[in-house]
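# Observations on chain architecture
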Amino acid sequence: MSPLTTARRSGTGTMVLIALVAVGMVVGIAAIFFWVPTANCLVPGVADGQPCFDARPDYIQHIFYMHVPIAYVAYLAFGVVLVGSLAYLKTGRRRWDILAHASAEIGVLFTGLCLLTGMLWGRPRWGTFWTWDETLTLTFVLFLIYVGYLLFRGLAADPTRGARIAAVIGIFGFVDVPLVHFSMVWWRTLHPAEVVINPAGPQLPASELITMLFLLVVYTGLYVALMLLRTRLGRAEEALAEAEAALEERPPPRAHVAATP
Amino acid sequence: MIEIRRLTRRFGSARALSGIDLDIPTGETVVIFGHNGSGKTTLIKLIAGLLRPTSGVVLVDGKPPRETRGRLGFLGHDLYLYPHLSVSENLVLFARLYDVGAAEAAEALEAVGMSHKKDALVHTLSQGEGQRVALARAVLHDPDLLLVDEPFSGLDETSAAALPAVLKREGRTLVVATHDTERGKAIADRIVVLENGRISAA
Amino acid sequence: MRKMFLLAAKDLRSEARAKEIAPPMVLFGLILVFLFTLNFPPGAGQAPVPGPVVGAVGSRELAGAFLWVSLLFAGILGFGRNASTEREGNRIEGLLLAPVDPAALFAGKALANFCYLWTLEAVLLPVFVLFFGVPAGLLLPGILLVALVANVGLAAAGTLFGAASQYVRARELVMPLLLFPVIIPLVLGAERLTSSLLTGGGLGSQSRWFILMGAFDLAIVAIGAVAFEFIVNE
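Residues numbered from 1 in each chain as written. Chains lettered and ligands numbered in written order. Predicted model: local features only at pLDDT ≥ 70, side-chain atom pairs only at ≥ 80, totals over all residues.

### Re the overall build of chain B
As a reminder of what qualifies: Under the DSSP-based scheme used, a helix requires at least four consecutive residues in state H or I and a strand at least two consecutive residues in state E, with every element numbered from the N terminus. Using C-alpha atoms as the atom set, the radius of gyration is obtained and then compared with a globule rule of 2.2 Å times the number of residues to the power 0.38. Using C-beta atoms placed from the backbone, we call a residue buried if 20 or more other C-beta atoms fall within 10 Å of its own, exposed if 12 or fewer do, and partly exposed for counts in between. In this description, a residue-residue contact is defined by the distance between C-beta atoms placed from the backbone, which must lie within 7 Å.
Along chain B, the regular secondary structure elements total 6 helices and 9 strands. Since a compact globule built from 202 residues should have a radius of gyration of about 17 Å, the 17 Å found for chain B is in line with a globular shape. The C-alpha extent of chain B, read off along each of the three principal axes, is 45 × 35 × 35 Å. For chain B, buried positions account for 48% of its 202 residues. The contacts of chain B with a sequence gap of at least 6 include a subset with a gap of at least 24, amounting to 69%.

In structure tokens, the structure reads:
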């Protein structure tokens, strides 16, 4: 089978996935606006159906249905960077590096979105866009670490060595996350506790839980779709470089033959 | 001793070596001729394990070069000497790294005729002197395989004439890359000519 | 591991003659400490015994942060120089050709960085104590312990990321960008512990930071030793 057919076939799968994600996203957004009860906040200790801190309807709380899956995808993406980096150093196979690189880009994107949605929530809720809360700071540090990773890749003088060193950075970056996390927790914290994952069982009402879990699935699908697209681009870049090298290989065209009268 | 199969090395999209096949038996002196940019340095560095092949293999005694590096000597364009250490401090450091003693370092220095400069700091040496100290660095552990890249450049007549005695030894495989046809031919058991990353004559 | 000491001794002996790493580092550190102290109101922090300073709340708190930020900024100059001595003239190739474990190359370089950090601190800490009028005897044992734990991790991280940034364009810019975010746990820990010492809190109540810093040291040393060959080998 020619590489082109393979690409086309995998392209069909990707398109189907993208369509599913799009539909899922619409359904999810509809659920957020029309199904889950408003004024039911995710802060523990507040009675079901009660507004959080004041009597106004608490629409802003709904951003959590986006914020949480985005944060989860960011972590998932950086986990994949770790796995891809380890596998690349172990095997030296280019596709692992392409995987890690793609996942780092998507991870940075989602970390950025996570910070953004968090800030949109923080402004009305905490009265400020930004505060040096531990989770915010941790997310910000993660963002910096992986932006550094991408920057490094962009500036590497030799792509192969750059990929290998980037893998080392990707590994240490991830190992560093729990350390940064604890340093931030001990430093200070304001962040709402996780409610969905709780040893005492979910405390959210069914409609909210289902919406949240549904969106987690949709966002995972989005991540996979983006990964498929980005790794395909990575392989295409690779193939292009190969082709250029092969072209260089071939003897130069006999221009002088044509030039002879 | 050295087996090279379908060896190709690219730098970005530029090809430095294209599908080289070469066998060098133990104890042979092979001289590689070629113009600048013909791939000599790349080939030498690939045999030393300083570069990785893009494709193909290099084996030294049946193993990847990095695994036999203790028995390999290398002299390239760079001296690999520390400018603020003296000649003997540099050589003793490398002697220890190669698990031999200070006596071997002194011996190697004697062989290249630089004993009188042993306490001089490397950055005060002339280019030719530095080159000779680097040669001592490359041979102080008495390697079984010696790879040298352009050893004659920068040396005066006397030093260049004394060079083969230092490089050659019974049973040592020697690979010399040079564009100095005359001096190269004088030491060669076999000659390989590289042109545009391919062997054009052997 | 004998070779690790050989390699570190090579760097230190070379530096003892060339004096191109430690003096600029120390001078830069002094300038930074001076710049930071300019921001304190006159007399702030000059209380004869450690304890919260009335009227200049937080200046003792901040002092710990300033000390470690100064050390870090000055330290990074040294890490970069130390890494580039092997890059210049491709000297790293000479070391790679020798039968030396890449982990020993890493450890040798890290040991040299470790020594540079102590040199820096040997000058900066007394100056710092002087500026803040804290009786040195009260502070010294504690701060040496904090510095020891911090220096291990800083030296190792500086070596790893120093080597990594040798292979990119704009290397002196890239190194801090890579290094600073990852060493946050270490620097935050050192800074918290120092502040606790300065405000009379002692180290006992903050001992969990030592665990965190120790974990960081362990992680960076282990990863550095294993991964160094992926960085320096072609």
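### A look at the packing of helix H2 (residues 87-97) of chain B against helix H4 (residues 127-139) of chain B
Residue and element names in this part refer to chain B. In plain terms, the rule: Fitted lines through C-alpha atoms serve as axes, helices being fitted only where they are in contact, and the angles separating the N-to-C directions of these axes extend from 0 to 180 degrees. Here the angle decides the label: under 35 degrees means roughly parallel, over 145 means roughly antiparallel, 65 to 115 means roughly perpendicular, and every other value means oblique. Should the near helix be turned anticlockwise from the far one by less than a right angle, the crossing is left-handed, and should it be turned clockwise, the crossing is right-handed. Ten residues, namely Ala, Val, Leu, Ile, Met, Phe, Trp, Tyr, Cys and Pro, are considered nonpolar, four, namely Asp, Glu, Lys and Arg, are considered charged, and the remaining ones, Gly among them, are considered polar.
Running from N to C, H2 and H4 point in directions that differ by 20°, and their axes come no closer than 9 Å. By the criterion of interaxial angle, the relationship of H2 to H4 is roughly parallel. Our pair here, H2 against H4, has a crossing hand that is right-handed. Residues Val 87, Asn 90, Leu 91 and Phe 94 of H2 lie in contact with H4, whose contacting residues are Val 133, Ala 136 and Arg 137. Here the residues of the contact of H2 with H4 are counted per class, giving 5 nonpolar, 1 polar and 1 charged.

### Details of the sheet that holds strand E9 (residues 198-201) of chain B
Within a sheet, each strand pairs with its neighbour through backbone hydrogen bonds, oriented either parallel or antiparallel. Residues and elements named next belong to chain B. Definition in use: A pair of strands is considered paired only if DSSP assigns at least 2 bridges between the two.
One open sheet accounts for 6 strands, arranged E5-E6-E7-E3-E8-E9; its pairing is mixed. If you trace the sheet from one side to the other, it starts and ends with strand E5 (72-75) and E9, each paired once. Neighbour-to-neighbour, the strand axes of the sheet open up by a mean angle of 20°, direction not taken into account. Taken together, the 5 bridges between strand E6 (residues 145-149) and strand E7 (residues 173-178) define a ladder with parallel strand orientation.

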